[in-house]
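# Fold and contact review
Spelled out from the first residue to the last, the chains are:
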Amino acid sequence: MKTSKKSSIVSSAIFVLMFVVSSLTASAQNSVQNKVNFRLNSTRTAYIVPNSTKNYYVFNYEGQSQKELFDKVLAGIYKAKKQYRLLTDGLTKVEWDYISVFTILSEKSVQGYYHGLRLTLEFEFKDGKIRVNVPFLFDREANKNFTLSEFLEINKIINTILSNVNAEEDW
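This is a predicted model, so every value here is computed, not measured.

Turning to the overall build of the chain, a few remarks are in order. Secondary structure assignment for the chain yields three helices and seven strands. Along the chain, helices (α) and strands (β) appear in the sequence α-β-β-β-α-β-β-β-β-α when read from the amino end. Considering only residue pairs separated by 6 or more positions, the chain has 58% of its internal contacts joining residues 24 or more positions apart. Approximately 11,300 Å² of the chain is accessible, and the part contributed by carbon and sulfur atoms is 56%.

Laid out in structure tokens, this is it:
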């Protein structure tokens with residue numbers, strides 16, 4: 001009888017361990033999946049989604065309303081603006097449906113003028129989903145003077161914005 005009880009306890013412990021591991025794996029996969037990885041085309045004039053014919057990413061956020069997602073991305077934009085010192089001249093919103101932000105990834109020159117990559121970021125929302133469109137680049141000929149790492153900085157910025165969706169408030 002004692003052997004049967006021990007094996008039942010061991011079986012239960014194994015089941016719980018397997019459940020915990022599968023939950024952690026699913027959570028890790030979800031956080032990895034909710035990241036953009038835009039790349040430049042060969043002429044450095046436009047962003048693309050690698051290995052896809054689509055010009056956007058769609059991320060699932062089960063159980064979150066369109067309004068919740070909109071509000072969290074908007075808050076993420078303001079946090080990213082401060083963290084990355086973005087110049088955001090134009091923020092266009094269609095409440096709970098769409099956000100477009102014109103921004104400049106910039107540095108201040110000796111003369112006091114800002115220069116940098118000028119682009120637009122776009123986010124669209126539905127219940128449980130966020131669509132991130134490829135960033136639109138302005139001054140495409142001038143952009144050829146920037147380094148590849150400067151172009152790819154935009155992925156970090158967008159992923160920072162998206163990380164706000166899953167962030168837990170602690171106050």
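From this point, things continue past the structure.
For the pair helix α2 (residues 66-84) and helix α3 (residues 148-163), interaxial distance at closest approach is 8 Å and the crossing angle is 135°. As far as their axial angle goes, α3 and α2 are oblique. Judged by the twist between their axes, the crossing of α2 over α3 is right-handed. Every residue of α3 that contacts α2 at Val73, Gly76, Ile77, Ala80, Gln83 and Tyr84 is listed here: Glu153, Lys156, Ile157, Thr160 and Ile161. Here the residues of the contact of α2 with α3 sort into six nonpolar, three polar and two charged.

This brings us to the pairing of strand β3 (residues 56-60). Residues of β3 alternate between two faces, with Tyr57 and Phe59 buried on one and Tyr56, Val58 and Asn60 left unburied on the opposite face. The pairing of β3 with strand β7 (residues 129-137) spans five bridges and is classified as antiparallel. Bridging across to β7, Phe59 finds its partner in Ile130.

Okay, the confidence of the model for the chain next. Of all residues in the chain, 66% attain a pLDDT of 70 or more, and the chain-wide mean is 76. Of all the helices and strands in the chain, helix α1 (residues 2-33) carries the lowest mean pLDDT, 44, while β3 carries the highest, 95. In the model, residues 10-32 has pLDDT below 50 throughout and makes one contact with residues more than four positions away in sequence or in other chains.

Moving on, we come to the nonpolar core. Phe38, Tyr47, Val73, Phe123, Ile130, Val132 and Ile158 are the most contacted members of the largest nonpolar core, which has 34 residues in total. Mapped onto this core, the elements with two or more residues apiece are β3, α2, β5 (98-108), β6 (114-126), β7 and α3. Filtering out sequence-adjacent residues up to four positions away, Val132 remains in contact with Val36, Phe38, Tyr56, Tyr57, Phe59, Glu122, Phe123, Ile158 and Leu162.

Before going further, it helps to spend a moment on the pattern of salt bridges. Scanning all chains against the criterion turns up four salt bridges. As a salt-bridge pair, Glu124 and Arg131 come within 3.8 Å of each other at their nearest N and O atoms. For the salt bridge of Lys156 with Glu153, the shortest nitrogen-to-oxygen distance reads 3.6 Å. Within this pair, Lys156 and its partner Glu153 are both found in helix α3, separated by three residues, close to a single helical turn. Owing to a relative accessible area of 49%, Lys156 belongs among the partly exposed residues under this scheme.

Our focus in this paragraph is unusual backbone geometry. The backbone phi angle of Asn51 is positive, close to 55°, even though this residue is not glycine. With respect to the element layout, Asn51 can be found in the loop between β2 (47-48) and β3. Unlike most non-glycine residues, Trp96 shows phi in positive territory, near 65°.

Applying the stated criterion to the full structure yields five aromatic pairs. Geometrically, the ring pair formed by Phe70 and Trp96 is tilted, given 6.5 Å between the ring centres and 55° between the ring planes. Here the residue Phe70 occupies a position in helix α2, and Trp96 occupies one in the loop between β4 (87-94) and β5, the gap between them amounting to 26 residues. Under the relative-accessibility criterion, Trp96 is labelled partly exposed at 34%. Every member of this aromatic cluster is reached through a ring pair, and the members are Phe38, Tyr47, Tyr57 and Phe59. The positively charged end of Arg131 is found above the aromatic ring belonging to Tyr56, 3.7 Å away from the centroid.

What counts and how
Residues numbered from 1 in each chain as written. Predicted model: local features only at pLDDT ≥ 70, side-chain atom pairs only at ≥ 80, totals over all residues. Heavy atoms only, no water. Helix = DSSP H or I, 4+ residues; strand = E, 2+ residues; numbered from the N terminus. Contact = heavy atoms within 4.5 Å. Areas by Shrake-Rupley, 256 points an atom, 1.4 Å probe, with all protein chains shown as cover. Axes fitted to C-alpha atoms, helices over the stretch in contact; angles between N-to-C directions. Parallel < 35°, antiparallel > 145°, perpendicular 65-115°, else oblique. Left-handed = near helix turned anticlockwise from the far one by under 90°. Nonpolar A, V, L, I, M, F, W, Y, C, P; charged D, E, K, R; others polar. Buried < 20%, exposed > 50% of the residue type's maximum accessible area, 1.4 Å probe, protein only. Pairing = 2+ DSSP bridges. pLDDT = per-residue confidence, 0-100. Core = buried A, V, L, I, M, F, W, Y, C linked by side-chain atoms within 4.5 Å. Salt bridge = Lys/Arg side-chain N within 4 Å of Asp/Glu carboxyl O. Phe/Tyr/Trp six-rings, centres within 6.5 Å; stacked < 30°, edge-to-face > 60°. Lys NZ or Arg CZ within 6 Å of the ring centre and 35° of its normal.

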